[in-house]
Amino acid sequence: MPVTDYVLPVPYFKINTDFHILNFSKQAEALFTITENITSIVDEESVAKLKNFLQTSDGAQPMEISMKTKNYPLELFDLYISWDHYLNGHLICIKKNEQNKNLENMVYRLQSRLSSTDFELFEKKEELQQALEEINRLSGPFISLSDEVALIPMFGDITPRKINSIRGNTLKNAYREDLDTILFDFTGVGSITLEGLEQMESLFRVLSYMGGIASVIVGVKPGHARQMHELNSEVEFSFLSTLQEAMKKYL
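What this report covers is the structure whose coordinates are included nearby. This structure is a prediction, so every number in the text was calculated from the model and none was measured.

Reading across the sheet, the 5 strands line up as β6-β7-β8-β9-β10 and stay open at both edges, with mixed pairing between neighbours. In this open sheet, the two edge strands, each paired with only one partner strand, are β6 (143-144) and β10 (238-240). Here 8 bridges tie strand β7 (residues 149-158) to strand β8 (residues 181-192), and the two strands are oriented parallel to one another. The partner of F155 across the bridge, within β8, is G188. Together, β6, β7 and β8 form the strand contacts of helix α5 (residues 160-177), whose direction differs from that of β7 by roughly 180°.

Let's shift gears to the sheet that holds strand β1 (residues 12-15). Spatially, β2-β1-β5-β4-β3 is the arrangement adopted by the 5 strands of the open sheet, whose pairing is antiparallel. Since the sheet does not close on itself, it has two edges, and those belong to β2 (21-24) and β3 (63-67), each with one partner. Across the sheet, the mean angle separating the axes of adjacent strands is 35° when strand polarity is ignored. Of the pairings in the sheet, the one linking strand β4 (residues 75-83) to strand β5 (residues 89-95) comprises 7 bridges and is antiparallel in character. In the strand pairing of β5, D78 is matched with I94.

With that out of the way, let us pick up the pattern of salt bridges. Overall, the coordinates contain 4 salt bridges when judged by the stated rule. Between K68 and E44 there is a salt bridge whose closest N-O contact spans 2.6 Å. Here the residue K68 occupies a position in the loop between β3 and β4, and E44 occupies one in the loop between α1 (26-31) and α2 (47-56), the gap between them amounting to 24 residues. K68 sits in the partly exposed class, given a relative accessible area of 27%. Under the relative-accessibility criterion, E44 is labelled exposed at 54%. A salt bridge links E201 to R205; its shortest N-O distance comes to 2.2 Å. Within this pair, E201 and its partner R205 are both found in helix α6 (residues 194-211), separated by 4 residues, close to a single helical turn.

Quick notes on the rules
- Residues numbered from 1 in each chain as written.
- Predicted model: local features only at pLDDT ≥ 70, side-chain atom pairs only at ≥ 80, totals over all residues.
- Heavy atoms only, no water.
- Pairing = 2+ DSSP bridges.
- Helix = DSSP H or I, 4+ residues; strand = E, 2+ residues; numbered from the N terminus.
- Contact = heavy atoms within 4.5 Å.
- Axes fitted to C-alpha atoms, helices over the stretch in contact; angles between N-to-C directions.
- Salt bridge = Lys/Arg side-chain N within 4 Å of Asp/Glu carboxyl O.
- Buried < 20%, exposed > 50% of the residue type's maximum accessible area, 1.4 Å probe, protein only.

In short, shape yes, function no, at least from these values alone.
Listed below in structure tokens is the structure:
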């Protein structure tokens, strides 16, 4: 079984009608442990399949089969066979991994791009969440009116996220300034959710526990009153009609 004296860039075998190996390429020698018969380097369960293919194939379509290589017990190959007029078979073995290499590279590049895009989207999402938190925090600024009274003008919708965003700053300033009353101005408020009202009630309760700080809602619009009524909230709030009225009362 001499190595072929011409170089083929693929694993190649020259066989006879008994499937004995007559010749092979250096590529085949590097890849397979070569014996006398081509059937010895295929999966035992596929020998009958291989023989049928070699005897009946017209060379137009390859056959997929598992073969024994030096590196792995079994690897998947596509086999191509053609017979010359001397009844010698010329068999080429193309590893499936190599055949699909370009496709795998394309998939890998796509996965890399998707991973990069996912990471970029995650970063943008984080930035957006931080921006929303900052907007919510700024929509309820803490303004000291006197040693005893502070004002928090509310803007936008009253939601749990909004109340949680202003909660920390409100409690910190209320504790530091030893206040008696905090006015929550609803003049710039949009809609009100039940969950938002519940979070407001929780904030007011904490303020009361901290030192008897009274929480008063001012500037409630008729629409807000209807919303609070429709939500059937059990929360009891103190109200004043306008900020001017609150100023007169507390300042």
